[in-house]
Amino acid sequence: MTTTLYIKNMVCPRCIRAVTDCLTRLGLHPLSVELGIAVIQEEVDDTLRTRLRQDLEAEGFELLENPRTRLTEQIKDAIIQWVHYRQEAPPTNLSQYLSELLHRDYSALSRLFSEETGNTIEKYAIAQKIERAKELLTYGELSLNEIADRLGYSSAAYLSSQFKQVTGLTPSAYKRAKDGKRKGLDEL
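Computed from a predicted structure; not experimentally measured.

What counts, and where the lines are drawn
Residues numbered from 1 in each chain as written. Predicted model: local features only at pLDDT ≥ 70, side-chain atom pairs only at ≥ 80, totals over all residues. Heavy atoms only, no water. Core = buried A, V, L, I, M, F, W, Y, C linked by side-chain atoms within 4.5 Å. Buried < 20%, exposed > 50% of the residue type's maximum accessible area, 1.4 Å probe, protein only. Contact = heavy atoms within 4.5 Å. 1 Å grid on protein atoms, 1.4 Å probe; cavity = no way out; pocket = protein on both sides within 12 Å on 5 of 7 lines; lining within 4 Å. Points joined across faces, edges and corners; volume = space filled by probe spheres on them. Helix = DSSP H or I, 4+ residues; strand = E, 2+ residues; numbered from the N terminus. Nonpolar A, V, L, I, M, F, W, Y, C, P; charged D, E, K, R; others polar. Axes fitted to C-alpha atoms, helices over the stretch in contact; angles between N-to-C directions. Left-handed = near helix turned anticlockwise from the far one by under 90°. Pairing = 2+ DSSP bridges.

J.: Mind showing me how you'd approach the nonpolar core here?
T.: Note on soluble globular proteins: their nonpolar side chains tend to be buried together. Within the largest apolar cluster, 51 residues are counted, with the highest numbers of intra-cluster contacts made by Leu 5, Ile 7, Leu 23, Ile 79, Leu 98 and Ile 121. Excluding residues within four positions of it along the chain, Ile 79 makes contact with Leu 94, Leu 98, Ile 121, Tyr 124, Ala 125 and Gln 128.

J.: It is not clear to me how the layout of surface pockets should be interpreted in this structure. Could you clarify?
T.: Of the pockets and cavities examined, the largest pocket occupies roughly 260 Å³. Lining the largest pocket are 13 residues, and of these Glu 34, Ile 37, Gln 74, Leu 101 and Leu 102 sit closest to its centre. Going through the elements one at a time, α3 (67-84) and α4 (94-102) are the ones with two or more residues in the lining of the largest pocket. The element that contributes the greatest number of residues to the lining of the largest pocket is α3, accounting for 5 residues. Classifying every residue of the lining of the largest pocket by side-chain character gives 7 nonpolar, 3 polar and 3 charged. Of the pockets and cavities examined, the second largest pocket occupies roughly 190 Å³. Residue lining of the second largest pocket: 13 residues in total, with Leu 94, Glu 122, Ala 125, Ile 126 and Lys 129 positioned closest to the centre. Broken down by secondary-structure element, the contributors of at least two residues to the lining of the second largest pocket are α4, α6 (121-139) and α8 (156-167).

J.: Can you walk me through the packing of α3 against α6 in this structure?
T.: The description of two packed helices rests on the angle between their axes and on the distance between the axes. Following both chains from N to C, one finds α3 and α6 inclined at 35°, their axes separated by 10 Å at the closest point. For the element pair α3 and α6, the recorded crossing hand is right-handed. Contacts from Ile 75, Lys 76, Ile 79, Ile 80, Trp 82, Val 83 and His 84 in α3 reach Ile 121, Tyr 124, Ala 125, Gln 128, Lys 129, Glu 131, Arg 132 and Glu 135 in α6. The residue inventory of the contact of α3 with α6, partitioned by class, reads 8 nonpolar, 2 polar and 5 charged.

J.: Honestly, the pairing of strand β3 (residues 37-40) in this entry has me stumped. Any pointers?
T.: Along any regular strand the residues' side chains alternate between the sheet's two faces. The alternating pattern of β3 places Ile 37 and Val 39 and Ala 38 and Ile 40 on opposite faces, both of which are buried. Here strand β1 (residues 3-8) runs beside β3; their pairing, made up of 4 bridges, is antiparallel. Across the sheet, the residue bridging to Thr 3 is Ile 40, located in β3. By the bridge criterion, 4 bridges tie strand β2 (residues 30-34) to β3 in an arrangement that is antiparallel. Across the sheet, the residue bridging to Val 33 is Ala 38, located in β3. Where β2 folds back onto β3 in an antiparallel hairpin, the turn is made up of 2 residues, including Gly 36, whose phi is positive at roughly 85°.

If you want it as structure tokens, here you go:
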């Protein structure tokens, strides 16, 4: 018997390691751990669930048990993966990507996300893209055209326009400022 755990605030490879370590410390055997989801070999009773919840919370994570909240976090994790952890331009549009990945109609996903977060999937994805653009601008290794391409924008001008709407600065002004106004992925 295996158990699938849904975990909030997993946003990077370091989080995956932290959750894996937490599960192992509890004597559990993780079969797979990825953003937002861990599959363990064991069945989880109420006592173990309580310990697991406490240990995860001590590390800054949250065990998700409400199905609506779980699906909302899966949407967030999928967007983070789509924006931050691929090297090339997105192969498909976001709505198609989410529908295929989560095996749900996009309109249902969009409605649920808005109800649960008070935000749209599109605005959340834009916020993630702008944070990724800030990161790439800070590194200084790519041109604005290359960043726009990597993030799936039709042009550098469109990225610049969205960047300014969100941050109040143009990408070049942000790069010159170098004040580190980046947010953590779990804060978006």
